[in-house]
Amino acid sequence: MSHVEDELTSQPECWARVAAEAEGHGRALPERGERVAIVGCGTSYFMAQAAAALREGAGQGETDAFAASEFPHGRAYDRVLALTRSGTTTEVLDLLGRLKGRTRTTAVTADPGTPVMSAADDVVVLDFADERSVVQTRFATTALTLLRAHLGLHTGAVVDDARTALSAPLPEGLVDCAQFTFLGRGWTVGLANEAGLKMREASLSWTEAYPAMEYRHGPISVTTRGTATWMLGRAPDGLAEQVRATGGRWVDGGLDPLAELVRAQRLAVAVAAARGLDPDQPRHLTRSVILTP
């Protein structure tokens with residue numbers, strides 16, 4: 001079993017643990033009413049997108065998401081929350097350094113032996129969700145589960161759905177598709193972006209991601225036999241029928257959207273295996289992006 005497979009199968013246990021511990025991390029996480037920016041790079045940026053939409057949608061306060069390198073320094077925030085598995089990513093550390101003493105910062109990380117521990121004002125360490133793999137799975141979803149639980153939006157049913165996502169077979173013939181599109185709405189747009197990234201990283205697949213209604217405004221034109229369109233969350237009325245009319249394959253995400261992301265992770269590994277690729281050795285990637293001056 002690859003590191004990626006081993007780590008993605010451990011997600012239900014990680015989610016259950018972090019949900020049980022969420023209350024103890026409450027002081028380090030955004031308070032109701034704060035104006036918050038959530039930042040990250042790569043996978044962590046997409047989790048930031050999902051978390052920001054969830055928080056604002058729950059009425060907790062205005063919440064934005066940015067790639068760490070694109071943070072708008074002209075805007076005022078009560079707190080900046082950084083998601084960083086490695087704790088060493090250049091863009092995140094640079095941003096936290098610039099904000100030091102001006103804006104309260106919190107980092108959620110997996111490694112307590114890294115520079116982020118002193119770069120942020122508050123730190124939440126999820127070391128039990130750390131990973132050996134380059135391709136992120138369990139740390140990202142565990143960090144998002146922490147934030148969902150902090151918002152009161154996590155239930156045991158999410159963990160049950162994750163177990164179903166790991167045990168149920170993938171739709172027959174899906175591995176043989178030539179192109180994959182993931183769609184989301186609201187907070188699941190970030191999950192769709194992450195599902196697409198997993199497919200590109202692990203299996204070198206032609207993969208795209210869009211807000212569900214935006215798919216109808218042009219991208220659907222490339223849908224045909226041999227392509228798959230996967231909805232994370234509830235689809236807009238009529239969209240499934242429009243996709244099927246193209247001859248393309250529609251995958252309806254019936255589980256909790258975060259559990260659907262686990263299914264997409266499994267698909268990425270399965271497609272990699274079918275193509276003779278090692279998902280633990282993604283092309284041109286490293287576990288942490290550390291830029292030299």
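Everything below is about the structure shown above.
Cut-offs used in this document
- Residues numbered from 1 in each chain as written.
- Predicted model: local features only at pLDDT ≥ 70, side-chain atom pairs only at ≥ 80, totals over all residues.
- Heavy atoms only, no water.
- Phe/Tyr/Trp six-rings, centres within 6.5 Å; stacked < 30°, edge-to-face > 60°.
- Buried < 20%, exposed > 50% of the residue type's maximum accessible area, 1.4 Å probe, protein only.
- Lys NZ or Arg CZ within 6 Å of the ring centre and 35° of its normal.
- Helix = DSSP H or I, 4+ residues; strand = E, 2+ residues; numbered from the N terminus.
- Expected span 1.5 Å × (residues − 1).
- Arc of directions from axis to C-beta.
- Contact = heavy atoms within 4.5 Å.
- Pairing = 2+ DSSP bridges.
- Axes fitted to C-alpha atoms, helices over the stretch in contact; angles between N-to-C directions.
- Parallel < 35°, antiparallel > 145°, perpendicular 65-115°, else oblique.
- Left-handed = near helix turned anticlockwise from the far one by under 90°.
- Nonpolar A, V, L, I, M, F, W, Y, C, P; charged D, E, K, R; others polar.
- Salt bridge = Lys/Arg side-chain N within 4 Å of Asp/Glu carboxyl O.
- 1 Å grid on protein atoms, 1.4 Å probe; cavity = no way out; pocket = protein on both sides within 12 Å on 5 of 7 lines; lining within 4 Å.
- Points joined across faces, edges and corners; volume = space filled by probe spheres on them.
- Polar contact = N/O pair within 3.5 Å; in protein donor to acceptor, adjacent residues only side chain to side chain.

S.K.: A description of the packing of aromatic side chains should follow, citing residues and the corresponding values.
M.R.: Here the structure, examined in full by the defined rule, presents six aromatic pairs. Both rings, one in Phe71 and one in Tyr77, keep their centres 5.8 Å apart while their planes meet at 50°; by these two values the pair is tilted. Assigned by exposure class, Phe71 and Tyr77 land together as buried. Among the aromatic side chains, those forming a connected cluster through ring pairs are Phe66, Phe71 and Tyr77. The cationic tip of Arg35 hangs over the ring face of Tyr77; the distance from NZ or CZ to the ring centre is 4.7 Å.

S.K.: Any chance you could break down unusual backbone geometry for me, citing the residues and the numbers?
M.R.: With a phi close to 55°, Leu204 is a non-glycine residue in the positive phi region. Relative to the helices and strands, Leu204 resides in the loop between helix H8 (188-203) and strand S7 (206-211).

S.K.: Any details on helix H7 (residues 156-167)? Residues and values, ideally.
M.R.: Helix length check: H7 (twelve residues) gives 17 Å between terminal C-alpha atoms against 16 Å at 1.5 Å per residue, within 8%. Turning to H7, its buried residues are Val158, Val159, Ala162 and Ala165. End-on view of H7: buried residues confined to an arc of 110°, all on one side of the axis. Looking at the buried positions of H7, the neighbouring elements they touch are helix H2 (11-21), helix H6 (138-150) and helix H11 (257-274).

S.K.: Talk me through the sheet that holds strand S8 (residues 227-231); I want residue IDs and the actual numbers.
M.R.: The pairing of strands in a sheet happens through backbone hydrogen bonds and is either parallel or antiparallel. Pairing in this open sheet of four strands is parallel, and the strands run S7-S6-S8-S9 from one edge to the other. With partners counted over all chains shown, the strands left at the sheet margins are S7 and strand S9 (249-252), one partner each. Within this sheet the neighbouring strands show an average axis-to-axis angle of 20°, counted without direction. Two elements, strand S6 (residues 179-184) and S7, share six bridges in a ladder whose sense is parallel. Bridge pairing in S7 places Gln179 opposite Trp206. Along the sheet, H8 makes contact with S6 and S7, crossing S6 at roughly 160°. Set on the sheet, H11 makes contact with S6, S8 and S9; between it and S8 the angle comes to about 155°.

S.K.: How would you explain the packing of helix H3 (residues 43-57) against H8 if you had to name every residue and give the values?
M.R.: Their axes nearest at 7 Å, the elements H3 and H8 cross at an angle of 160°. Accordingly, the angle class assigned to the pair H3 and H8 is roughly antiparallel. Crossing geometry of H3 relative to H8 is assigned as left-handed. Of H8, the residues touching H3 (which contributes Thr43, Phe46, Met47, Gln49 and Ala50) are Gly190, Leu191, Asn193, Glu194, Leu197 and Lys198. Each residue belonging to the contact of H3 with H8 can be placed in one class, and the counts come to five nonpolar, four polar and two charged.

S.K.: How would you explain the side chain of Glu260 if you had to name every residue and give the values?
M.R.: You can see Glu260 is positioned in helix H11. Taking relative accessible area as the criterion, Glu260 reaches 1% and is therefore assigned buried.

S.K.: Give me the packing of H6 against H11: which residues, what numbers.
M.R.: Where H6 meets H11, the closest approach of the two axes is 11 Å, and the angle between their N-to-C directions is 175°. Considering the angle they form, H6 stands roughly antiparallel to H11. Here Thr141, Leu144, Thr145 and Arg148 of H6 lie close against H11, whose contacting residues are Leu258, Leu261 and Gln265. A breakdown of the residues in the contact of H6 with H11 according to their chemical character gives three nonpolar, three polar and one charged.

S.K.: So, the pattern of salt bridges: which residues are in play, and what are the values?
M.R.: This structure, assessed with the given rule, holds 15 salt bridges. The partner of Lys198 in a salt bridge is Glu194, and the shortest N-O contact between them spans 2.4 Å. Within this pair, Lys198 and its partner Glu194 are both found in helix H8, separated by four residues, close to a single helical turn. Comparing Lys198 with Glu194, the two get one shared label, buried.

S.K.: Outline empty space enclosed by the protein, supporting the account with residue identities and numerical values.
M.R.: Gaps left between atoms are located by rolling a probe of water-molecule size over the structure's atoms. By the definition in use, this model includes two cavities of 30 Å³ or more. Counted as a void, the largest cavity has a volume near 60 Å³. Taken together, Pro30, Ile38, Ala51, Arg55, Leu81, Leu147, His150 and Leu151 make up the lining of the largest cavity. Contributions of two or more residues to the lining of the largest cavity are made by H3 and H6.

S.K.: Report on the environment of Arg32, specifying residues and quantitative values.
M.R.: Here Arg32 lies in the loop between H2 and strand S1 (36-40). Sequence separation between Arg32 and Leu151 is 119 residues, and the spatial gap between their C-alpha atoms is 9.1 Å. A distance of 3.5 Å separates a polar side-chain atom of Arg32 from the backbone oxygen of Gly59.

Read these as geometric descriptors, not functional statements.
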